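# Architecture at a glance
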Amino acid sequence: MGAGRSLEAEFTLLGDVPAGEWRLIADGIIIFPVDVRFEIIWRQAAGADVPIAMWDQHFDPRPQGFDAQAYEVSAQGPAIDQQPGDQLIFRYTGTNATQPMAYIPNGDGELAMGRIPYIVLP
């Protein structure tokens, strides 16, 4: 994804989530130099988006090949008092690359020498 472009993955919340440490694993394939913003958001059914955690990271492509680059971070986040229809959103946004596919989440897991992205809740 290039500058200003973002992609989201949604998950319908099935219950409350306590406050605590949120961990993100977002290994990716880097094609061009890129700055990426990663966000975890609580999207309330009533329409509000509540930020849970956010990280910014610069990536450079590997000198050779297209193996995944590891990326793992954590942050403290607030509790979620889940209501019917609420969602947990994982959003990633390219903030400076001009190429549309500068960062690609590693969907191949170990085949690309990395992990498939996931979130660990508190």
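### What to know about unusual backbone geometry
For M113, which is not glycine, the phi torsion reads 65° and is therefore positive. Of note, M113 is situated in the loop between β8 (103-105) and β9 (118-120). The exposure class assigned to M113 is exposed, which follows from its relative accessible area of 60%.

### Description of the side chain of N106
The residue N106 is located in the loop between β8 and β9 in this model. A polar side-chain atom of N106 sits 3.2 Å from the main-chain carbonyl oxygen of R115. Every residue in contact with N106, bar those within four places of it in the chain, is listed here: D27, G28, I29, A68, A112, G114, R115, I116 and P117.

### A closer look at the nonpolar core
Of all hydrophobic cores here, the largest spans 24 residues; its most connected members are F38, W55, F59, I80 and Y103. Among the elements of the structure, β2 (20-25), β4 (34-43), β5 (49-59), β6 (72-77) and β7 (87-94) are those that each provide at least two residues to this core. The element that contributes the greatest number of residues to this core is β4, accounting for five residues. Residues contacting W55, with those up to four places away along its chain left out, are W22, L24, V36, R37, F38, I40, Y71, V73, S74 and A75.

### Details of the packing of aromatic side chains
Each aromatic ring pair is specified by the distance between its two centres and by the angle formed by the two planes. Enumeration over the complete set of coordinates arrives at eight aromatic pairs. Ring centres of F38 and Y103 lie 5.6 Å apart, and the angle between their planes is 80°; this geometry places the pair in the edge-to-face category. One end of the pair, F38, is in strand β4; the other, Y103, is in strand β8, with 65 residues separating them in the sequence. On the accessibility criterion, Y103 (2% relative accessible area) is buried. Taking the centre distance of 5.6 Å and the plane angle of 75° together, the rings of F59 and Y71 count as edge-to-face.

### Regarding the pairing of β5
With 10 bridges connecting them, β4 and β5 associate as antiparallel partners. Its bridge partner lying in β5, R43 is registered against D49. Where β4 hands over to β5, the hairpin turn is made up of five residues, of which G47 adopts a positive phi near 115°.

### Focus: the sheet that holds β5
If you walk across this open sheet you meet the four strands as β1-β7-β4-β5, and the pairing is antiparallel. With one partner strand each, in any of the chains shown, β1 (6-12) and β5 form the two edges of the open sheet. Taken pair by pair, the neighbouring strands of this sheet meet at an average axis angle of 15°, ignoring direction.

Parameters and conventions
Residues numbered from 1 in each chain as written. Predicted model: local features only at pLDDT ≥ 70, side-chain atom pairs only at ≥ 80, totals over all residues. Heavy atoms only, no water. Helix = DSSP H or I, 4+ residues; strand = E, 2+ residues; numbered from the N terminus. Buried < 20%, exposed > 50% of the residue type's maximum accessible area, 1.4 Å probe, protein only. Polar contact = N/O pair within 3.5 Å; in protein donor to acceptor, adjacent residues only side chain to side chain. Contact = heavy atoms within 4.5 Å. Core = buried A, V, L, I, M, F, W, Y, C linked by side-chain atoms within 4.5 Å. Phe/Tyr/Trp six-rings, centres within 6.5 Å; stacked < 30°, edge-to-face > 60°. Pairing = 2+ DSSP bridges. Axes fitted to C-alpha atoms, helices over the stretch in contact; angles between N-to-C directions.

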